[in-house]
Amino acid sequence: MKNELKIYNSYTGQKEVFKPVHEGRVGMYVCGPTVYSDVHLGNCRSFASFDIVYRYLQYLGYKVRYVRNITDVGHLEGDADIGREDKISKKARLEEIEPMEIVQRYMNGFQEIMAVFNISPPNIEPRATGHILEQIEMVQAIIDNGLAYEQNGSVYFDTLKFAEKYGVYGKLSGRKIEDLMAESRDNLKNQDEKRHPSDFAIWIKAAPEHLMRWGSPWSVGFPGWHLECSVMSTKYLGETFDIHGGGADLKFPHHENEIAQNYGACGHAPANYWMHGNMLLMNGRKMSKSEGNSIMPGELFTGNSSLISKGYSPMVVRFFMLQTHYRSTLDLTDEALQAAEKGYRRLMEGNKALQQFDVASLKLATEGGDLDKEINSLIDLAFEDMSDDFNTPKALASLFELVTKVNSLKGGQLSFGEITATTLERLKKTFNDFIYDIFGLRDEDFDSSGNGVVDGLMQLILDMRQDARASKNWAASDKIRDALKELDIVVKDGKEGASWSKN
RNA sequence: GGUCGGUUGGCCGAGUGGCUAGGCAGAGGUCUGCAAAACCUCGUACAGCGGUUCGACUCCGCUACCGACCUCCA
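These lines cover the structure that appears in this document, whether it is placed above or below. Here, residues in each chain are numbered from 1, in the same order as that chain's written sequence. To label them, take the chains in the order written and letter them from A, then take the ligands in the order written and number them from 1. The model is predicted, so local features are restricted to residues of pLDDT at least 70 and side-chain atom pairs to those at 80 or more, both for listing and for counting; the totals for chains, interfaces and linings are taken over all residues. Side-chain metrics in this entry use all non-hydrogen atoms of the structure; hydrogen atoms and water are not considered.

1. A closer look at the overall build of chain A
Logical step 1: Numbering goes from the N terminus for both helices and strands, where a helix is a DSSP run of H or I of at least four residues and a strand is a run of E of at least two. Of regular secondary structure, chain A possesses 16 helices and 15 strands.
Logical step 2: Principal axes of the C-alpha set define a box for chain A whose edges measure 90 × 50 × 35 Å.
Logical step 3: Only heavy atoms enter the contact rule, under which two residues are in contact if any of them lie within 4.5 Å. Pairs at least 24 residues apart make up 74% of the contacts formed inside chain A by residues separated by at least 6 positions.
Logical step 4: Computed by Shrake-Rupley with a 1.4 Å probe, the accessible areas treat only the displayed protein chains as cover when residues are assessed. Within the structure as shown, chain A displays about 22800 Å² of accessible surface, and the carbon and sulfur contribution to it stands at 48%.
Logical step 5: We score Asp and Glu as negative and Lys and Arg as positive, and we do not count His or the chain ends. Lysine's charge is taken at NZ, arginine's at CZ, aspartate's at CG and glutamate's at CD. Side chains of chain A give 58 positive and 72 negative charges; the mean places of these two sets differ by 3 Å.

Take a look at the structure:
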């Protein structure tokens, strides 16, 4: 373990030192997507944030079991929670195909996009429809514990009793049960099956037209909105696990009710640390499906949207997200993306240059001086910042300062004679670790052959240009440079010869 | 309406009771056959009004504006 890891716990509202339930192991559950339409970029931000958490925990040496569900039961639509079609059934009816076909299509699409963003797949990706039995069992357990009641084939969680018994309903979202009662008074008419307005359904009797339905002791129906996460986290991570994550918009009611259900079934909260990622904004407003201001990843990559001037690659977008802390909102703008594109390239080019430094053939210091010290403190700082609630923007700032050092070493403004081999090796390793393992960035070279053909060809071309330059044949050398520029390849002349990058 | 959060230089975005965030853009310079890249230097920002303090962008209060949740949402 490099540093003491601190995590901001939404449940207590404080940054806390992370202590796993089992030494060296971490159980982490993140609420996954509802697969009734294409993922939009806001979803991606959330999963990218937790990908960093997952990656960094592993980097610190923890053995992590990461569970992220797929909600394929479909959540209810409309004002009331009874008698309405769920989203997946509705879509299925519109498209005249099986609900499971819808689920499969969008689940595939989701996983493809996750892969494009280099977001690691979880260790277990359980589906709600595959855990109907367990959900029924949990409903029964909650009833047995006296915290739920049946009404006309549906089962409701008794929030008032829960509040009396444990006194924690509303703790996560900062809500009071009296407020919940007061604000629900208006739509009381829609909720006559409930004993209390803040009660919520954990099993719902299916209306005749409802397509997704399963038998249960209470009715042919389907599980309630929040039950699957309680069930699946408990099944795969145990009754008490370490980290529960999700978007900030899930705090209430989803996570609040999840906590209630776990108390109802097990007598205690499911997770020790709750983490909430903040929203991705578009034009200052939360990007959401219902607002209609969401941009699909594909549109962002191709530039096929009126909101942006050009396409941005997946890694540029990933880098863009890293520049903001996960608990802050992130406003998506074309200008910011352009800045991120340049920044991403600077970082990656810097790393490329760094990795080409050959420790064996360089004249390095035997004893480090100020520069050596400075480099080491910047590296230390980057890790400290990551360990301070996953502060990726701060860690990036240190890396960028190191990029300047690297470029100065390359350009001769700083001397290799000022740093030791140990430090240079450490710097090289740190960059690779951060960029690839922790931040999950990828090179976006266009050499898809994977065997360096393009690199080889480019080296040949640059050699030929160098020959032309040596004989002061500027016409020939400029012709090569201009022709490459047409192909979006930029030639960069340096002290140690020319290099290139794709624009 | 209730609850919570935000307001940082041209843009994005960290952070802190007194000390350089970082990226992008801009200006000047070095280097270069030219250019690009790279390097160096620069702008000296923290919504407004009060208060606490030796000192506040950072703490407290008020005001303004913005947003999130309260309904499916990452």
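2. Side note on the packing of helix H4 (residues 132-144) against helix H8 (residues 251-266)
When two helices pack together, their arrangement is given by the angle between the helix axes and the distance between those axes.
Logical step 1: With their axes 7 Å apart at the nearest point, H4 and H8 run at an angle of 70 degrees to one another. When the axis of H4 is compared with that of H8, the two are roughly perpendicular. Of the residues in H8, those in contact with Met 138, Ala 141 and Ile 142 of H4 are Gln 261, Gly 264 and Ala 265.
Logical step 2: When its residues are assigned to classes, the contact of H4 with H8 shows 4 nonpolar, 2 polar and no charged. Only C-alpha atoms enter the line fits that serve as axes; for helices the fit covers just the stretch in contact. Angles between N-to-C directions range over 0 to 180 degrees. Each angle is binned into one of four classes, with values under 35 degrees roughly parallel, values over 145 roughly antiparallel, values of 65 to 115 roughly perpendicular, and all other values oblique. The nonpolar class holds Ala, Val, Leu, Ile, Met, Phe, Trp, Tyr, Cys and Pro. Asp, Glu, Lys and Arg form the charged class, and all remaining residues, Gly among them, are polar.

3. Describing the nonpolar core
Logical step 1: Counting 93 residues, the largest nonpolar core has Leu 41, Leu 57, Leu 347, Phe 439 and Leu 441 as its most contacted members.
Logical step 2: No other element matches helix H1 (residues 41-59), which puts 11 residues into this core.
Logical step 3: Apart from residues no more than four positions distant in its own chain, Leu 57 is found in contact with Leu 5, Phe 18, Val 26, Met 28, Tyr 62, Val 64 and Ile 243. Residues belong to a common nonpolar core when they are buried Ala, Val, Leu, Ile, Met, Phe, Trp, Tyr or Cys residues joined through side-chain atoms within 4.5 Å. Relative accessibility decides the category of a residue: with a 1.4 Å probe and only protein chains considered, values under 20% of the type maximum give buried, values over 50% give exposed, and everything between is partly exposed.

4. With respect to the pattern of salt bridges
Any two side chains of opposite charge can pair, so long as their charged atoms come close to each other.
Logical step 1: For salt bridges, the criterion is a side-chain nitrogen of Lys or Arg within 4 Å of an Asp or Glu carboxyl oxygen. This structure, assessed with the given rule, holds 20 salt bridges.
Logical step 2: With its nearest N and O atoms 3.6 Å apart, the salt bridge here joins Asp 493 to Arg 469. Here Arg 469 lies in helix H15 (residues 453-470) and Asp 493 lies in strand S14 (residues 489-494), a separation of 24 residues in the sequence.
Logical step 3: The exposure class assigned to Asp 493 is partly exposed, which follows from its relative accessible area of 39%.
Logical step 4: Arg 481 is the partner of Asp 478 in a salt bridge, and the nearest nitrogen-oxygen pair spans 3.5 Å.

5. Quick word on the sheet that holds strand S7 (residues 200-205)
Logical step 1: Criterion used throughout: strands pair if DSSP finds at least two bridges between them. The antiparallel open sheet is built from 4 strands, whose spatial order is S5-S6-S7-S8. Each end of this open sheet is capped by a strand with a single partner; those strands are strand S5 (148-151) and strand S8 (221-223). Each neighbouring strand pair of the sheet contributes to a mean axis angle of 20 degrees, computed without reference to strand direction.
Logical step 2: One ladder, built from 3 bridges, connects strand S6 (residues 154-157) with S7; its direction is antiparallel. Bridge pairing links Tyr 156 to Ala 201 in S7.

6. Some details on the side chain of Thr 129
Logical step 1: Considering the arrangement of structural elements, one finds Thr 129 in the loop between helix H3 (99-116) and H4.
Logical step 2: Polar contact is defined as a pair of N or O atoms within 3.5 Å, subject to the rule that within protein one atom must be able to donate a hydrogen and the other to accept it, and that residues adjacent in sequence are counted only when both atoms are side-chain atoms. Side-chain polar atoms of Thr 129 contact the side chain of Asp 72, separated by 2.6 Å.

7. Thoughts on the packing of H4 against helix H7 (residues 227-237)
Logical step 1: One can describe the packing of H4 onto H7 by two numbers: an axis separation of 9 Å at closest approach and a directional angle of 100 degrees. As judged from the angle between their axes, H4 and H7 are roughly perpendicular. Every residue of H7 that contacts H4 at Glu 134, Gln 135, Met 138 and Val 139 is listed here: Leu 227, Glu 228, Ser 230, Val 231, Thr 234 and Lys 235.
Logical step 2: Residue composition of the contact of H4 with H7, by class: 4 nonpolar, 3 polar and 3 charged.

8. So, unusual backbone geometry
Logical step 1: Cis peptide bonds are those with omega within 30 degrees of zero, and the linkage from Phe 252 to Pro 253 qualifies with 0 degrees.
Logical step 2: With respect to the helices and strands, the residue Pro 253 is situated in helix H8.
Logical step 3: In the Ramachandran plot, Asn 118 falls in the positive-phi region, its phi being about 60 degrees despite a non-glycine side chain.
Logical step 4: Summarising the element assignment, Asn 118 is placed in the loop between H3 and H4.
Logical step 5: The exposure class of Asn 118 is buried, given its relative accessible area of 17%.
Logical step 6: Residue Lys 472 is not a glycine yet carries a positive backbone phi of 55 degrees.

9. Section: the side chain of Ser 219
Logical step 1: Along the chain, the position of Ser 219 falls in the loop between S7 and S8.
Logical step 2: What Ser 219 contacts, discounting residues up to four positions off in sequence, is Gly 153, Trp 203, Ile 204, Lys 205 and Trp 214.

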